[in-house]
Amino acid sequence: VGWAARPLTHSRPESEGKGKMARSGRRRGWCDGARWLPAVTLFCALSLWPASSTGALDTSRYYHYGELTELLQAAAAAHGSLARLFSIGQSTENRSLWVMEISTTPGRPSPGKPKFKYVGNMHGDETVSRQVLVYLIQYLLEGYGRDERVEQLLNSTDVYIMPSMNPDGFERSREGDCTGEYGGRSNARDKDLNRCFSDQFEPEAGQEVVEDEDVPEVVAMERWIKENKFVASGNLHGGSVVASYPYDDSRTHTSAGYYSKCPDDEVFKYLAKSYASKHPVMKIGKPNCSNDSSDEVFEDGITNGAKWYDVRGGMQDYNYLQGDCFEITLELTCCKYPPASALHSEWENNRDALLNLMEQVHIGIAGFVTDAVFGSGISNTTIVVAGIDHNITTGNFGDFHRLLVPGIYNVTVVAQGYMPVTIFDIEVLEGPATQLNFTLQPPVAADNHTFETTTAYTEFRTHNVSEVEDEHQSKAIEPANFRHHNYADMEILLRKYATDYPAITHLHTVGKSVEQRNLYVMEISDNPGIHEMGEPEFKYIGNMHGNEVVGRELLLNLIEYLCNNYGTDPEVTSLVNKTRIHIMPSMNPDGYEVSSEGDVSGVVGRNNSNNFDLNRNFPDQFFKISDPRQPETSAVMDWLQKIPFVLSANLHGGSLVVNYPYDDDKEGVIVYSKSPDDAIFKQLALSFAKENSPMFEGHPCKDMFPDEYFPLGITNGAHWYNIPGGMQDWNYLHTNCFEVTIELGCVKFPFAVGLPKYWKQNKRSLLQFIKQVHKGVKGFVLDATNRKAIYNATIVVAEVNHPVRSAKDGDYWRLLVPGVYKITASAPGYIPMTRNVTVVEEAVEVNFTLSRVTDDDVNSSDQGTINSSAEPGEEFQQLVRSLSSEEGLKNLISSARVDLSLDRYHDYKDLSEALHGLHSNYPTITNLDSLGQSVEVRQIWALEISDKPGTKEPKEPKIKFVAGVHGNAPVGTELLLAFAEFLCILYGKNQAITKLIEETKIVIVPSVNPDGREISQEGQCMSKVGMTNVNGKDLDTDFIGNSSEQFSEMQPETRGIVKNLILNQGFTLSVVLDGGSLLATYPYDKPVQTVANEETLKYLATVYSNNHPKMHLGHPGCPNNTDESVPGGVVRGAQWHGHMHSMKDFSVTYGHCPEITVYTGCCNFPRAKDLATIWRDNKKSLLSMLVEVHKGLRGMVTDKAGNPISKANIILNEGVKVLTSEAGYFHVLLSPGPHHIDALAAGYQHQRKQVFVSSYEAATSLVIVVELDNKLLGLPRELVVTAAGATLSAILVTACIVWCVCSIKSNHQKDGFHRLRQHRDEYEDEIRMMSMGSKKSLLSSEFQDETESDEDTLYVNKH
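Residues numbered from 1 in each chain as written. Predicted model: local features only at pLDDT ≥ 70, side-chain atom pairs only at ≥ 80, totals over all residues. Heavy atoms only, no water.

Section: the overall build of the protein chain
Then, in step 1: Of regular secondary structure, the protein chain possesses 37 helices and 53 strands.
Then, in step 2: Within the protein chain, buried positions represent 58% of all 1359 residues.
Then, in step 3: Summing over all exposed atoms, the protein chain offers an accessible surface of approximately 54200 Å²; the carbon and sulfur share of this is 50%. (Helix = DSSP H or I, 4+ residues; strand = E, 2+ residues; numbered from the N terminus. Buried < 20%, exposed > 50% of the residue type's maximum accessible area, 1.4 Å probe, protein only. Areas by Shrake-Rupley, 256 points an atom, 1.4 Å probe, with all protein chains shown as cover.)

What follows is the structure in structure tokens.
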């Protein structure tokens, strides 16, 4: 800060002018008034340096540049083991900017030792600083080894001292000039060096541009600051007596009185006070300078720079913002250039203060950040302190020093290519820094390592639980109901609190148990019963296993605690006001009623009344859950679909640990099964465990399981033991909710006397875990046009493969550990928006305002959503979500009751009449065509059902249902005929069916082999009669290829299906119905075929099987194979009955359409009386396929001008290929999860995208814009085109020359023939030689130069 003499009004001297922002060598012009003159003055004068003790300081005079140089060089020579003299650059008039390094290792790196610097004489006429810094150099060098304080300082600190930053100005200043009247303040180019540093705030219009060459001193200083990791610094001035700290200016540049607070305001005040308190004049706060107003008072001798007066381009702000260096500015004397006689007293005034400020470089936190694999330091790592918006970075050795005042802090380190790490609850005390070392793991660490490998991710200073308890007990009302509550008792207690606290509670039930007990939920919120915009939803679920009761009682205690303390306890009040808390004390009330107090490890009451384990009853990502869905499970799943839960815990008993996803893996073995959000799950688990001392110790049940150890009291679920069908994984995979499972004690049903202990042990954990819902990122996704909420927008964090969705108000929450993230929000019909976000301890609010896609957007963006006009509307997307829910299709069927008479089979004549009858009665939604004829000239009918039958709609997905490939299995024919009538009858009557028909092209082919059907017989379950066509060919082995020759070899039925259905329709999904078992198969039937995209094909078959009441059980029970077991009712075709040339293999290979084959029953041709039951069993599955065809990925490929690219290859996961339609559209079905999509089009550059597909959502939409490939033959297009042009030009020129020559020679034709006649014999001999195959050319003729025939020319051209 400043420091020309201040007038009474605190106005800035006129020399402090204005200018424009610096740009590449130009600087702001708020520094007024040299060219580099390279020279160095080096000579040694050791005799000038006092060789005695520190008492030999010469304070009788000022040192001018030459004398100062000699003195510093002598000091460096005399103390070579401690001192190193160097110059960081030169002044305008070629004087060196000397720096003395004082260290036990001068000139060598000192990992872990902080760097401190003093800079003096920045204003040339403020001279006391110059002298006291020379004295300080001598004091330190002479005192090392003699003075314990000096020795301790230099052993732990690298000190850098620059006595004069403006030697040119000093040489022009005059001793005794107290106010700067005689000049010398600025450098030789009349620039105020303390107004010429890069500033954080924009300059005012019209400010003078300052060139770098005008301020070489500033250029050198900026470079020095950036190249070194200085921790703290003091900039010494004159003109007042005060310690000033950042910021020095403000955005408004108010001349004085505006407190411009920086993020580290408390630290800077601490540093300023550390100096001022040791200065006898400064600490009083009244400088009494003659040039100051009489009322100028600086409390404690310190001031915020901008509050004193505004200084743009100051050095102290630059240090803080650009160099991570905490610098304060120290005004040492009222008189700028006092007489030399005052130097001794000034040294005495400042000596202790100078030392004390240097010692503050050791406060706060310090340590190293190292690589977990190699152990080496990680440089340039960002150190983030929660709540302080200013980060620093590590040095070359991974070392850091972060100044902090005493307090409790959470610190995160973030490095490129490593997992972020957070250390919580760091206590910083007065005195030396708290030592913290971070070990960072690369993100690709092995998943199956033991947890010891990852314990370095996060460290904790744990609370003393008892102390926290005592603190809260003095304020909070503790629960009084420490007893076991049976169902009736629990019900009364819940109703009591709902009645007593209606303003903050809402008691409701989400469903009923098997025995019709209510599954109660108590909601606690300041606005119960409603979702408040922006407020996260949290839930606790207890007693999932009926005999694990501690969670049930703790949650009842928690309800009591929250209700009793709301409005009086700040913590509880804040939680309830900011969070919508849902508490389900018992998910398994039936099991509880049969369990017994005192049960340590039993199983009685664990399961529900149907004897199913509810924590093995949820849909699983890796395994088919064969147990029927229980009402308790269904109720919870429906509840979770209705409320946008963010965080949850499932409370259990039997151990003492927090368990986080995943709970199983695809192999079903004990292994660390890492979820994409492994880091945040560990942080969530630790937030609970660290508040529970016995849990945090990690040895839960020593008597029962002596070898069991959970580091920090947490474990990955599958790493402990494998659980398919668990609730926590389902929460994470199918909702926005992050759930952990908490084991609360080794005894499952302890005696009631122990319940107070459980409450005391877990109260803090329960409260702290709720607080975790406020971590990460939150905000809103809004429409840019009308500011309305965008529901179901996708929020994706780069490198974390787990999206979340916005709620109905457009609000979203995304839990994340502290770090730096790239977050993208997208929604159908909108342009995605990406923002870079730094996440700290508390949730960061990040709002996204999305603009709708226009034609211009499609033309200019390489990826976006399809224009909303091409998309199903929000109503239909909601329908897909609804029908995809657990009860969605069941509810549809219940509401769509149609009485169909399935009491007889249809032969060919009846089938044809029925199909024509459907078309005649529903002409607006049906179209009937023949795909071809059978051997016996029966039509192979195809019925299209659509709101626009017969019209191509490339944007709509197409699904085909095919049956009767084997004539002896006509059940599929009857099912499809019933299905067609079911759809037609309900069109216009049932909203869901109507929307499905409007948004889908449905093609039904009920009988591929009508000839075989005519000779098969009802009741013949195993008969082969009618299986083949009349030529004896099994049609499912006749799809041999797609060449013309292969077409001609096919049977007429096969040929019609191939040409007019599979290859000519562009289907999205195909379902074939057959008989002979009860299962679903997926490609390939070919035994040795590699299955690309197997996950998707298997998933589609699983969807059908899961919606069938028996098929998913996996036990067909057919008489010919009673022991057959098919897990989930799904198997790859080749693993069941492998064969070549099947229809499904052909559909996938040549039709680019996934196809599954469903075997509807063990009997090929059951009695007609069984048809109604079979229809009832398959109706839901058939409808599920109509829903499923709308999922996956849909989009279009265009060029940059928006023109569609037809027949572009869309390659899925580097395997399966589909082609875009003529309009550039594509629609592919994919299994839920992440997928890579490659778009390849001839002449265009390859594009790769990554998408995430949900099992509950309509198709993810994508526009892929491809750019022209700028290469031909692997070379730049311009080069190839130029070369081709040059070659063509050369050919044309050559052709012209040949033509001219030929024309000239033609003039000699007569003379040539005359000569040939004279030499006829020789000519005939030449012809004979040619006819004998001689290679001798006609050019050998002596006449060839004169005449050439056309044949001759052709022959020559050939060579």
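Some points on the state of the cysteines
Then, in step 1: Counted by the stated rule, this structure contains five disulfides.
Then, in step 2: Between the sulfur of Cys 178 and that of Cys 335 lies a disulfide, 2.0 Å long from S to S. Measuring the twist about the S-S bond at about -85°, one finds the Cys 178-Cys 335 disulfide to be left-handed. Here Cys 178 is found in the loop between α4 (167-172) and β6 (209-211), whereas its partner Cys 335 is found in the loop between β10 (326-331) and α9 (343-359), with 157 residues between them in sequence.
Then, in step 3: Its relative accessible area of 34% is what places Cys 178 among the partly exposed residues. (Disulfide = S-S within 2.5 Å.)

Looking at the packing of helix α25 (residues 971-986) against helix α33 (residues 1171-1188)
Packed helices, taken two at a time, are described by the angle their axes make and the gap between the axes.
Then, in step 1: One can describe the packing of α25 onto α33 by two numbers: an axis separation of 10 Å at closest approach and a directional angle of 65°. Taken as a pair, α25 and α33 cross one another with a handedness that is right-handed. Residue-level inspection shows Val 971, Glu 974, Leu 975, Ala 978, Phe 979, Phe 982 and Leu 983 of α25 in contact with α33, the latter providing Leu 1171, Ile 1174, Trp 1175, Asn 1178, Lys 1179, Leu 1182, Leu 1183 and Leu 1186.
Then, in step 2: Class assignment of the residues belonging to the contact of α25 with α33 gives a composition of 12 nonpolar, one polar and two charged. (Axes fitted to C-alpha atoms, helices over the stretch in contact; angles between N-to-C directions. Left-handed = near helix turned anticlockwise from the far one by under 90°. Contact = heavy atoms within 4.5 Å. Nonpolar A, V, L, I, M, F, W, Y, C, P; charged D, E, K, R; others polar.)

Notes on the sheet that holds strand β38 (residues 939-945)
Then, in step 1: Read across the open sheet, the eight strands follow the order β37-β38-β40-β39-β41-β44-β42-β43; overall the sheet is mixed. The open sheet has two edge strands, β37 (926-933) and β43 (1130-1132), and neither has a second partner. Between one strand axis and the next, the sheet turns by 20° as a mean value, whatever way the strands run.
Then, in step 2: Bridge count for strand β39 (residues 958-963) against strand β41 (residues 1069-1074) is five bridges, and the pairing is parallel. Its bridge partner lying in β41, Val 962 is registered against Val 1072.
Then, in step 3: Contacting β37, β38, β39, β40 (1001-1005), β41 and β44 (1155-1161), α25 runs over the sheet at an angle of about 140° to β39. (Pairing = 2+ DSSP bridges.)

What about the side chain of Ser 806?
Then, in step 1: Relative to the elements of secondary structure, Ser 806 occurs in the loop between β30 (800-805) and β31 (811-814).
Then, in step 2: At a separation of 2.7 Å, a polar atom in the side chain of Ser 806 contacts the main-chain carbonyl oxygen of Ile 790.
Then, in step 3: Engagement of the side chain of Ser 806 in a polar contact is seen with the backbone nitrogen of Ala 793, the distance being 2.8 Å.
Then, in step 4: Not counting the four nearest positions on each side in its chain, Ser 806 is found in contact with Val 781, Ile 790, Tyr 791, Asn 792, Ala 793, Ile 795, Asp 811 and Tyr 812. (Polar contact = N/O pair within 3.5 Å; in protein donor to acceptor, adjacent residues only side chain to side chain.)

Some thoughts on the sheet that holds strand β33 (residues 833-839)
Strand pairing in a sheet relies on backbone hydrogen bonds, with the paired strands running either antiparallel or parallel.
Then, in step 1: The four strands lie next to each other as β30-β29-β32-β33, forming an open sheet whose pairing is antiparallel. Two strands in the sheet have a free side with no partner beyond their single neighbour: β30 and β33. Here the average twist between neighbouring strands, direction ignored, is 25°.
Then, in step 2: Inspection of the sheet shows strand β29 (residues 794-797) paired to strand β32 (residues 819-826) by four bridges, in the antiparallel sense. In the strand pairing of β32, Val 797 is matched with Ile 823.

Looking at unusual backbone geometry
Then, in step 1: With an omega of 0°, the peptide bond running from Pro 661 to Tyr 662 counts as cis.
Then, in step 2: With an omega dihedral of 10°, the bond running from Pro 1083 to Tyr 1084 counts as a cis peptide bond.
Then, in step 3: Following the sequence through the fold, Tyr 1084 ends up in the loop between β42 (1077-1082) and α30 (1094-1106).
Then, in step 4: Of note, the phi angle at Asn 380 is positive, near 60°, even though the residue is not glycine.
Then, in step 5: The residue Lys 1207 is not glycine, and still its phi comes out positive at about 55°.
Then, in step 6: In this structure, Lys 1207 sits in the loop between β45 (1193-1199) and β46 (1209-1212).

Examining the pairing of β30
Then, in step 1: Taking burial as the measure, the six residues of β30 include five buried ones, the bulk of the element.
Then, in step 2: For β29 and β30, the ladder comprises three bridges, and the chain directions are antiparallel. The partner of Ile 795 across the bridge, within β30, is Val 804.
Then, in step 3: Linkage of β29 to β30, two consecutive antiparallel strands, is achieved through a turn of two residues, within which Glu 799 is found at a positive phi near 70°.

Section: α33
Then, in step 1: For α33, built from 18 residues, the straight-helix expectation of 26 Å at 1.5 Å per residue is met to within 8% by its first-to-last C-alpha distance of 25 Å.
Then, in step 2: At Asn 1178, α33 shows its maximal bend, which comes to roughly 40°. (Expected span 1.5 Å × (residues − 1). Bend = angle between axes of the 7 residues up to and from the residue.)

Notes on the nonpolar core
Then, in step 1: Tyr 118, Leu 136, Leu 140 and Phe 438 are the most contacted members of the largest nonpolar core, which has 87 residues in total.
Then, in step 2: By residue number, the principal contributor to this core is helix α2 (residues 128-143), which donates 10 residues.
Then, in step 3: The residues contacting Leu 136, other than those within four sequence positions of it, are Tyr 118, Ile 161, Trp 347, Leu 354, Leu 355 and Met 358.
Then, in step 4: Grouped together as the second largest cluster of nonpolar side chains are 85 residues, Leu 494, Tyr 497, Ile 559 and Trp 759 included. (Core = buried A, V, L, I, M, F, W, Y, C linked by side-chain atoms within 4.5 Å.)

Brief notes about the pairing of β38
Then, in step 1: Summarising burial for β38: six of the seven residues are buried, a large majority.
Then, in step 2: Both β37 and β38 contribute to a ladder of six bridges, which runs antiparallel. Across the sheet, the residue bridging to Asp 929 is Ala 942, located in β38.
Then, in step 3: Pairing geometry for β38 and β40, over three bridges, is antiparallel. Bridged to Glu 944 within β40 is Val 1003.

Structural notes on the pattern of salt bridges
Then, in step 1: Inspection of the entire model under this criterion finds 58 salt bridges.
Then, in step 2: For Asp 168, the salt bridge identified is with Arg 95, shortest N-O distance 2.8 Å. Taken together, the residues Asp 168 in helix α4 and Arg 95 in the loop between β2 (83-90) and β3 (96-102) connect sequence positions 73 residues apart.
Then, in step 3: Classification of Asp 168 as buried rests on a relative accessible area of 0%.
Then, in step 4: Salt bridges sharing partners connect three or more residues here, namely Glu 126, Arg 185, Asp 192, Arg 195 and Lys 336. (Salt bridge = Lys/Arg side-chain N within 4 Å of Asp/Glu carboxyl O.)

So, the packing of helix α22 (residues 874-884) against helix α26 (residues 991-998)
Then, in step 1: Contact pair α22 / α26: the axes reach a minimum separation of 11 Å and the direction vectors enclose 115°. For α22 against α26, the interelement crossing comes out left-handed. The residues of α26 that touch α22, namely those facing Glu 875, Phe 876, Leu 879 and Leu 883, are Gln 991, Ala 992, Lys 995 and Leu 996.

Some remarks on a nonpolar patch on the surface
Then, in step 1: Taken together, the side chains of Val 600, Met 704 and Phe 705 define a hydrophobic patch exposed on the protein surface, amounting to about 230 Å² of accessible area.
Then, in step 2: Relative to the assigned elements, Met 704 resides in the loop between α17 (693-697) and β26 (714-716). (Patch = residues over 30% accessible without salt bridge, like charges linked within 9 Å, V, L, I, M, F, W, Y side chains within 5 Å.)

Examining the environment of Ala 372
Then, in step 1: Structurally, the position occupied by Ala 372 is in the loop between β11 (365-371) and β12 (382-385).
Then, in step 2: Put simply, Ala 372 and Thr 439 are 67 residues apart on the chain and 5.4 Å apart in space, counted from C-alpha to C-alpha.

Digging into the confidence of the model for the protein chain
Then, in step 1: Counting all residues, the mean pLDDT for the protein chain is 84, and 85% of those residues have values of 70 or more.
Then, in step 2: The model gives residues 51-55 a pLDDT under 50, and that stretch makes nine contacts with residues more than four places away or in other chains. (pLDDT = per-residue confidence, 0-100.)

Here's the deal with the side chain of Ser 946
Then, in step 1: With respect to the helices and strands, Ser 946 occurs in the loop between β38 and β39.
Then, in step 2: On the basis of relative accessible area, Ser 946 is assigned to the buried category, the value being 0%.
Then, in step 3: Separated by 3.5 Å, the side chains of Ser 946 and Lys 1001 make a polar contact.
Then, in step 4: With sequence-adjacent residues up to four places away left out, Ser 946 is seen in contact with Thr 924, Ile 925, Thr 926, Glu 953, Glu 956, Ile 997, Thr 1000 and Lys 1001.

What about the packing of aromatic side chains?
Then, in step 1: For the coordinates displayed, the defined rule picks out 44 aromatic pairs.
Then, in step 2: Look at Phe 1146 and Tyr 1150: their rings are 4.8 Å apart centre to centre, the planes differ by 45°, and that puts the pair in the tilted class.
Then, in step 3: A relative accessible area of 33% means that Tyr 1150 is categorised as partly exposed.
Then, in step 4: Here the aromatic residues Phe 622, Tyr 662, Phe 681, Tyr 732 and Phe 738 are joined through ring pairs into a cluster of three or more.
Then, in step 5: Lying across the ring of Tyr 487, Arg 517 places its NZ or CZ 5.8 Å from the centre.
Then, in step 6: Just above the ring of Tyr 758 sits the side chain of Lys 757; from NZ or CZ to the centre is 4.9 Å. (Phe/Tyr/Trp six-rings, centres within 6.5 Å; stacked < 30°, edge-to-face > 60°. Lys NZ or Arg CZ within 6 Å of the ring centre and 35° of its normal.)

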